Amino acid sequence: MLQKTARGLLVLLFIVLEWTRPGLPSPLRPICDLRVLNHFIKEARDTEVAMNSCREGCSLSESVTVPETKVDFDVWEKKNSLEQVQEVQSGLWLLQQAFGLLQSSVTNSELHSHIENSIRNLLSINVVMRSLNIQEYTPPASAAELEGTWMVSSAAELLQVHVNFLRGKVRLLLLDAQACQQDVS
Amino acid sequence: MTCEHLRRVLLLCVAICAVRAASVAGLDRKVSLLLEKEPTNPKCFAQSLTDFTCFWEDDEERTGSVDQYTFTYSYQNENSSRCRLRAEPAGGRRLFLCHLNRTKMFVQMFVHISRDGKPVYNRSLLIDQLFLLDPPANVTVSSAGQRCQLHARWLPPPIKYMDDSLMYQVSYAAAGGGAEQVETVLASTELRLRGLQPGTTYGVRVRVKLDGITYGGFWSAWSEPVLTETLPAEPNPLIISLTLIISLILIVLSLSVFLSHRRFLQKKIWPTIPTPDNKFHGLFSVHGGDFKEWLRQSSGGLWLTPAFCYSEECPFPLEVLSELSVCPTLPSPKASRASDGREQDCGAAEDWGAAPRDRLMNRLRALHQHEPSPQSSLLESKDAYVTLCSGQHPAEKALTLEVLLAPRKAALSECHSDLGSVPQSSGSGRLSSQSSFEYPTHSWMPKGPGYIYMAGADSGVSMDYSPMSRADDTGKVVLYANDYKNDMPAFSRPVLTRQNSIHDDG
């Protein structure tokens, strides 16, 4: 009787393990097609347009720290890949924090949906970067520790920074990703 | 060494000048393009990732020097900077330009222009949205083996990070005034133009612009048009087969018509030149045309050639110039015409022997002097007067035959046709005794040298020389027939001359 009970538990254990499959995650295939990022850029512009037409319930409750978006190509090309990755990942983290605050500040329903979409897109960009073998970012304890940042006080400025950051630095990083260069060759 | 060095420097200067000239020309074209398209002042454009130009036109009313203007710019969250201006003439007006060799993108740029401290223009812009590139280079168009299609290829602008952000427009139109068509292609440097007319020359040109997602700007100028002809249309196999069949039918019909009328055409195109060679065997081939030699070498006596017997041949008649006993019974028109003469001859038969030659010549002259009447026989007009001229006995082989033809014409050739055309003798004409001969009798003998007269009587041989003789014509009066009765003296025997009917061999 005891043996029968043990066998039954083992079978149940195997079934549960097979169902959950707690093995190591398979590596993601590199996402090198920039049309994905173009889609995110278009939706960010749509959010900016929606913000420009918003009259009420579409303001930031407090100033937020955002990354710098300007790109001097001579300077950018002189940076190594780690610096570029660090700059992009830190900027994405700052934007996620800022959009979190914006989401809680905005009461306009239409703008609220756009903001939620933008947050999902920022998370998707992280997945794309992970697919390109870019290690995950370890955020700092405080945003003040980061360089190349500045403060914005309006939702419009935040959304403009969001668009410019995606079009500039994020795109340059994905365009020059080593995983995509190896895939092309 | 110094000359070589100077030559290199000179070449370098020329190259630099050429490049600058090209860039100035390109800049002028872009400035002209923006003057038409951009309403905002200052008008700004970026030619590359680092090159940026802003300009404006000076008003004619407010003409001032370049020093009166101040161009300042600043990026977001940065301090402002000043740009050094320069003036350029432009069609009677002046342009003030600010050129920057280093720029920052994906950030707002603020431009401020003032004149004598007073603001003139203010503008906030994004440099990454103001690209104005050069037109695509090396545009090549080919048929690529496809009818009604052209394959256009070109090189992208030499600018980094923008390959997937470029969009192109391809304009094509038939040379000679066809409607222009434009097609847009994204992030690709080739396009296949379909639906074109075969065997037609098309002019193709390309221009480029950024798609506006990451980068934006203006349409560039059109590239130089490239003319290419499409492949000709493939011939319809049905039409080809029908054409071949019809051509074959026409050829067969032409050949059949030609073959059926071959002789007629041959006579018309290449008429056979008649030669007497077949009548005078050996005359030309053996004796080289020497008739005397031919006569000398011919067999003894006179013999009749087979050609004489042919009905279509027309022997020339031998007029009886003098007759003896048969003279009054001659019914022929020739005889009746010459009846007077003949009566005279008959009456003077006794005198014939006296001067037969002289009589003969006189007779000939008399006949020549008389104009033939229209009703007279055609045969009279073409009578051949035969005189035999020889100093020897006619029995001898060496016999010379001299033929005195009528002066009118060589009627020998028309004998055949005349025989056929005379209405009284349509169809047939029985000519008899045209070849009558006069036999020399003992009553008269030629005297003197020259002529041997041969008298012959009708031997009763009547020969039908008409090719159209018919049995029903026997009852008609034959005008030309000389029906001599056969009362030839027993001693006489025909001395046949060798008569060769010279007829038109046509």
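Residues numbered from 1 in each chain as written. Chains lettered and ligands numbered in written order. Predicted model: local features only at pLDDT ≥ 70, side-chain atom pairs only at ≥ 80, totals over all residues. Heavy atoms only, no water.

Some words on the interface of chain A and chain B
Here's step 1: Facing the 23 residues of chain A at the interface are 23 residues of chain B.
Here's step 2: For the pair chain A and chain B, the summed buried surface comes to about 2,100 Å²; carbon and sulfur atoms form 48% of the total.
Here's step 3: The largest per-residue losses of area from chain A upon contact with chain B belong to K70, F73 and R167 of chain A, which jointly make up 31% of the total buried on that side.
Here's step 4: Linking chain A with chain B are five salt bridges, by the criterion used here.
Here's step 5: Note that K70 of chain A is salt-bridged to E78 of chain B, the shortest N-O span being 2.3 Å. (Contact = heavy atoms within 4.5 Å. Buried area = accessible area lost by both parts, 1.4 Å probe. Salt bridge = Lys/Arg side-chain N within 4 Å of Asp/Glu carboxyl O.)

Side note on the state of the cysteines
Residue and element names in this part refer to chain A.
Here's step 1: Counted under the stated rule, the structure contains four disulfides over all chains.
Here's step 2: Residue C32 pairs covalently with C180 via a disulfide, S to S 2.1 Å. Taking the sign of the torsion about the S-S bond as the criterion, the disulfide between C32 and C180, at about -100°, is left-handed. Remark: C180 occurs in helix α7 (residues 178-184) and C32 occurs in the loop between α1 (2-20) and α2 (35-52); sequence separation between them is 148 residues.
Here's step 3: Classification of C32 by relative accessible area gives partly exposed; the value is 25%.
Here's step 4: Through a disulfide, C54 is tied to C58; the S-S separation comes to 2.1 Å. Classification of the bridge connecting C54 and C58 rests on its S-S torsion, roughly -110°, and on that basis the disulfide is left-handed. Just as C54 is buried, C58 falls in that class too.
Here's step 5: For chain A, the bonded cysteines pair up as 1-4, 2-3 when numbered in the order they occur along the sequence. (Disulfide = S-S within 2.5 Å. Helix = DSSP H or I, 4+ residues; strand = E, 2+ residues; numbered from the N terminus. Buried < 20%, exposed > 50% of the residue type's maximum accessible area, 1.4 Å probe, protein only.)

Describing the packing of α2 of chain A against helix α5 (residues 109-131) of chain A
Residue and element names in this part refer to chain A.
Here's step 1: α5 packs onto α2 with a crossing angle of 155° between their chain directions and a minimal axis gap of 10 Å. Here α5 runs roughly antiparallel to α2, going by the angle between their axes. Considering how the two elements wind past one another, α2 and α5 form a crossing that is left-handed. In this structure, α2 uses L37, F40, E43, D46, T47, A50 and M51 to contact α5, whose residues at the interface are L111, H114, N117, S118, N121, S124 and I125. (Axes fitted to C-alpha atoms, helices over the stretch in contact; angles between N-to-C directions. Parallel < 35°, antiparallel > 145°, perpendicular 65-115°, else oblique. Left-handed = near helix turned anticlockwise from the far one by under 90°.)

Structural notes on the confidence of the model for chain B
For any part of a model where pLDDT is low, the fine detail of the predicted coordinates should not be relied upon.
All names here are of chain B.
Here's step 1: Chain-level statistics for chain B give a pLDDT mean of 72 and a share of 56% at 70 or above.
Here's step 2: Long-range and interchain partners of residues 326-354, a stretch whose pLDDT sits below 50, account for 54 contacts in this model, where long-range means more than four residues apart.
Here's step 3: Interface predicted TM-score (ipTM) for the complex: 0.85; the corresponding pTM is 0.59. (pLDDT = per-residue confidence, 0-100.)

Things to note about a nonpolar patch on the surface
Residue and element names in this part refer to chain B.
Here's step 1: A cluster of nonpolar side chains, L238, L242, I245, I246, I249, L250 and L253, forms an exposed patch at the surface whose accessible area comes to about 680 Å².
Here's step 2: Take L238: it is sitting in helix α2 (residues 237-260).
Here's step 3: Residue L238 is classed as exposed on the basis of its relative accessible area, which comes to 53%. (Patch = residues over 30% accessible without salt bridge, like charges linked within 9 Å, V, L, I, M, F, W, Y side chains within 5 Å. Areas by Shrake-Rupley, 256 points an atom, 1.4 Å probe, with all protein chains shown as cover.)

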